[in-house]
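If you want the building blocks of each chain, they are given just below.
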There are 2 protein chains.
Amino acid sequence: MDIQLKRGLLDVCVLSAIKNEDSYGYKIIKDMSPYIVMSESTLYTILKRLELGNMLTVRNVEHNGRLRKYYHITKAGLGRIEDFKDEWREVMNIYQFVMKEDKKR
Amino acid sequence: MDIQLKRGLLDVCVLSAIKNEDSYGYKIIKDMSPYIVMSESTLYTILKRLELGNMLTVRNVEHNGRLRKYYHITKAGLGRIEDFKDEWREVMNIYQFVMKEDKKR
DNA sequence: ACATAATACATCGTAACACGAAGTATTCGT
DNA sequence: ACGAATACTTCGTGTTACGATGTATTATGT
């Protein structure tokens with residue numbers, strides 16, 4: 001799938017993936033994989049970006065002697081998802097334009 | 001509107017704008033403006049990219065002593081729009097994931 | 001027993017890309 | 001006469017997704 005088309009969906013996807021329960025990198029990738037494929041380097045970049053934007057908080061947990069970073073969504077993160085829904089209407093508007101021009105002939 | 005969300009739509013929008021009849025930069029921006037706002041620098045960058053990708057051809061026309069570049073869509077350009085429709089299904093799939101996680105509680 | 005896959009996170013460099021800013025030049029409205 | 005509208009161009013910049021590569025442990029298969 002075209003990279004450009006994914007952009008803008010990625011951040012919100014990750015936030016949605018941790019919305020209902022805290023999760024960690026590896027699991028997030030697995031959970032999203034049926035819907036959207038994301039490389040590890042991409043995910044961790046996104047998680048760092050979201051953390052810097054205060055969209056989520058991080059908590060280190062030791063699991064089988066191995067490190068696990070659990071991500072928890074913040075209020076701002078939830079707000080971001082809500083904003084996305086509004087923006088989606090604009091996206092559909094643009095999509096309508098493409099389809100409208102397509103039907104014209 | 002978030003820039004990232006627009007990406008991936010832009011190229012196809014421009015192709016759609018010239019699909020039914022040849023058009024030129026300034027007109028394309030006006031035609032699209034109710035649906036998607038695009039700065040001139042963005043449009044001309046896109047037009048150049050699409051030309052390089054053989055998605056359209058360019059023709060210079062003198063109009064009132066002023067230069068006008070008319071853009072004409074190619075077969076490859078039409079194919080690009082068709083491909084977009086397939087990719088859109090994947091986009092909607094991703095959107096479903098976001099909404100699904102949202103409904104869960 | 002040994003190899004390979006799976007789990008789990010991190011970093012670096014790169015190329016694509018949208019946009020603001022600034023510029024050039026003509027014509028139209030008032 | 002002067003500003004807005006028409007029309008295209010170029011430059012620099014910041015954001016970003018990803019491949020490549022690395023580290024380290026545990027589980028699985030043969």
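**Let's talk about the side chain of Lys6(A)**
1) Next: Residue position: Lys6(A) is located in helix α1 (residues 3-6).
2) Next: Among buried charged residues, Lys6(A) stands out as having no salt bridge; its nearest opposite-charge side chain is Glu90(B), 7.7 Å away.

**Some remarks on the packing of aromatic side chains**
Aromatic ring pairs are defined here through the distance separating the ring centres and the angle between the ring planes.
1) Next: Applying the stated criterion to the full structure yields 11 aromatic pairs over all chains.
2) Next: With a centroid separation of 4.4 Å and 10° between ring planes, the pair formed by Tyr95(A) and Trp88(B) is classed as stacked. Placement of the pair is Tyr95(A) in helix α5 (residues 75-103) and Trp88(B) in helix α5 (residues 75-103), with the two residues belonging to separate chains. Take Tyr95(A) and Trp88(B): they sit in the same class, and that class is buried.
3) Next: Note on Phe84(B) and Trp88(B): the rings are 5.6 Å apart at their centroids and 40° apart in plane angle, and the pair reads as tilted. Of the two residues, Phe84(B) and Trp88(B) are both situated in helix α5; the distance of 4 residues between them amounts to about one turn of the helix.
4) Next: Judged by its relative accessible area of 1%, Phe84(B) falls in the buried class.

Criteria and cut-off values
Residues numbered from 1 in each chain as written. Chains lettered and ligands numbered in written order. Predicted model: local features only at pLDDT ≥ 70, side-chain atom pairs only at ≥ 80, totals over all residues. Heavy atoms only, no water. Helix = DSSP H or I, 4+ residues; strand = E, 2+ residues; numbered from the N terminus. Buried < 20%, exposed > 50% of the residue type's maximum accessible area, 1.4 Å probe, protein only. Lys, Arg positive; Asp, Glu negative; His and termini not counted. Salt bridge = Lys/Arg side-chain N within 4 Å of Asp/Glu carboxyl O. Phe/Tyr/Trp six-rings, centres within 6.5 Å; stacked < 30°, edge-to-face > 60°.

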